[in-house]
Amino acid sequence: MSDPFIRTRLLIGDAPLDRLARARVAVFGIGGVGGFCVEALARAGVGALDLYDDDTVSESNLNRQLVALRSTIGQPKAEVAARRVADINPDCTVRAIRMFYLPQNADTVDLGQYDYVVDCIDTVAAKLDIAQRCARLNVPLISAMGTGNKLDPTGFVVTDISKTQGCPLARVMRKELRKRGINHLKVVYSQEEPLSPARPIQTEAPAGQDTRPGSTARRATPGSISFVPAAAGLVLASAVVRDIGQF
């Protein structure tokens, strides 16, 4: 009988693969980072994936997002990613959940059902809420820090939020988490100092998407390139797979 995971089995063995097949993982944010994370989790054999995102594919996503193709512009990112997962591993139970997670609607999500939660969203208020709820429920969580204005895909590391430096988003998260009594959070962050965009563009930042919780201030749109968010997503998936598989 054919085994699509034979190469993975050769590397990590049967028991870790069995643990992955029994695992249920939630990924919040199916953009440049989250899309690559989702695909890597599916190809590693995770048995159930819930994908949370309410955004649709736009032309500006084509430079870096796995779900972004000319043929998918205008389609919901979570649904595009779910179709890819089903095509990769039909045995994976995948759900696309059209939702922009915020503290105001967080009660509609049962985080306690998951073996792992992956935070790939850029809304500070939502990231903080997920961190608080996972800590209270004792659900493993890993959170992506900033990938904008970066060029070095080798700069990403898995570490505790307390050990991050040079990342504006991580700085805000550290401060706000401490206010909430949370001193530790597993994160993926880049050790590269942010670059200044070659051509700054000012945009109106939606509530919470600035580096300050709840801010609606104008901000410079961060620059991004194909290989940096992808690298962060793959590092996230690696940490999740190793933790669940216990190898």
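Thresholds, definitions, all that
- Residues numbered from 1 in each chain as written.
- Predicted model: local features only at pLDDT ≥ 70, side-chain atom pairs only at ≥ 80, totals over all residues.
- Heavy atoms only, no water.
- Helix = DSSP H or I, 4+ residues; strand = E, 2+ residues; numbered from the N terminus.
- Buried < 20%, exposed > 50% of the residue type's maximum accessible area, 1.4 Å probe, protein only.
- Contact = heavy atoms within 4.5 Å.
- Areas by Shrake-Rupley, 256 points an atom, 1.4 Å probe, with all protein chains shown as cover.
- Lys, Arg positive; Asp, Glu negative; His and termini not counted.
- Charge placed at Lys NZ, Arg CZ, Asp CG, Glu CD.
- Phe/Tyr/Trp six-rings, centres within 6.5 Å; stacked < 30°, edge-to-face > 60°.
- Expected span 1.5 Å × (residues − 1).
- 1 Å grid on protein atoms, 1.4 Å probe; cavity = no way out; pocket = protein on both sides within 12 Å on 5 of 7 lines; lining within 4 Å.
- Points joined across faces, edges and corners; volume = space filled by probe spheres on them.
- Nonpolar A, V, L, I, M, F, W, Y, C, P; charged D, E, K, R; others polar.
- Patch = residues over 30% accessible without salt bridge, like charges linked within 9 Å, V, L, I, M, F, W, Y side chains within 5 Å.
- Salt bridge = Lys/Arg side-chain N within 4 Å of Asp/Glu carboxyl O.
- Core = buried A, V, L, I, M, F, W, Y, C linked by side-chain atoms within 4.5 Å.

For the protein chain, an unreviewed UniProt entry supplies the name tRNA threonylcarbamoyladenosine dehydratase and the organism Flintibacter faecis.

A few words on the overall build of the protein chain. Helix and strand content of the protein chain: seven helices and nine strands. Overall size of the protein chain, expressed as C-alpha extent along the three principal axes, is 55 × 45 × 35 Å. By residue count, 49% of the 247 residues in the protein chain fall in the buried class. Of all intrachain contacts in the protein chain linking residues separated by at least 6 positions in sequence, the fraction that spans at least 24 positions is 68%. Accessible surface, the protein chain: about 11900 Å² in total, of which carbon and sulfur atoms supply 51%. Computed over 30 positive and 26 negative side-chain charges, the inter-centroid distance for the protein chain is 4 Å.

Before going further, it helps to spend a moment on the packing of aromatic side chains. Enumeration according to the criterion identifies two aromatic pairs in this entry. Look at Phe-28 and Tyr-52: their rings are 4.2 Å apart centre to centre, the planes differ by 15°, and that puts the pair in the stacked class. Of this pair, Phe-28 sits in strand 1 (residues 24-28) while Tyr-52 sits in strand 2 (residues 48-52), and the two are 24 residues apart along the sequence. Grouping residues by exposure puts Phe-28 and Tyr-52 together as buried. For the pair Phe-28 and Tyr-101, a centre-to-centre distance of 5.2 Å together with 75° between the ring planes defines the contact as edge-to-face. Of the two residues, Phe-28 is situated in strand 1 and Tyr-101 in the loop between strand 3 (93-97) and strand 4 (116-119); the sequence distance between them amounts to 73 residues. Of the residues examined, Tyr-101 reaches a relative accessible area of 2% and is grouped as buried.

Below, the discussion takes up helix 3 (residues 32-44). The end-to-end C-alpha separation of helix 3 is 19 Å, in line with the 18 Å expected for 13 residues at 1.5 Å each. In terms of residue burial, helix 3 counts as a mostly covered element, since ten of its 13 residues are buried. Gly-45 occupies a position one or two residues after helix 3 and carries a positive phi of about 100°.

Across all of its chains, the model carries one cavity of 30 Å³ or more by this definition. If you add up the space inside the largest cavity, you get close to 40 Å³. Lining of the largest cavity is provided by Ile-30, Gly-35, Val-38, Glu-39, Leu-66, Val-67, Ala-81, Arg-84, Val-85 and Ile-88. It is helix 4 (residues 77-88) that provides the largest number of residues to the lining of the largest cavity, a total of four residues. Looking at the lining of the largest cavity residue by residue, the classes come out as seven nonpolar, one polar and two charged.

All right, on to the layout of surface pockets then. Quantified by volume, the second largest pocket comes out at close to 220 Å³. Lining the second largest pocket are Asp-3, Pro-4, Phe-5, Arg-9, Leu-17, Asp-18, Ala-21, Gly-45, Val-46, Gly-47, Asn-89 and Asp-91. It is helix 2 (residues 14-21) that contributes the most residues to the lining of the second largest pocket, three residues altogether. Looking at side-chain class alone, the lining of the second largest pocket contains five nonpolar, three polar and four charged residues.

What follows is about a nonpolar patch on the surface. Taken together, the side chains of Leu-151, Leu-195 and Phe-227 define a hydrophobic patch exposed on the protein surface, amounting to about 260 Å² of accessible area. Relative to the assigned elements, Leu-195 resides in the loop between strand 7 (186-190) and strand 8 (202-204). Here Leu-195 falls in the partly exposed class, since its relative accessible area comes to 38%.

Residues Val-25, Val-27, Leu-41, Leu-49, Leu-51, Val-118 and Leu-236 are the most contacted members of the largest nonpolar core, which totals 42 residues. Listed by contribution, the elements that provide at least two residues to this core are helix 2, strand 1, helix 3, strand 2, helix 4, strand 4, strand 5 (141-144) and helix 7 (227-245). For Leu-49, the residues in contact, after removing those within four places along its chain, are Val-25, Val-38, Leu-41, Ala-42, Val-85, Cys-92, Thr-93, Val-94 and Arg-95. Ranked by size, the runner-up nonpolar core spans 32 residues in total, among them Ala-26, Tyr-114, Val-117 and Ala-170.

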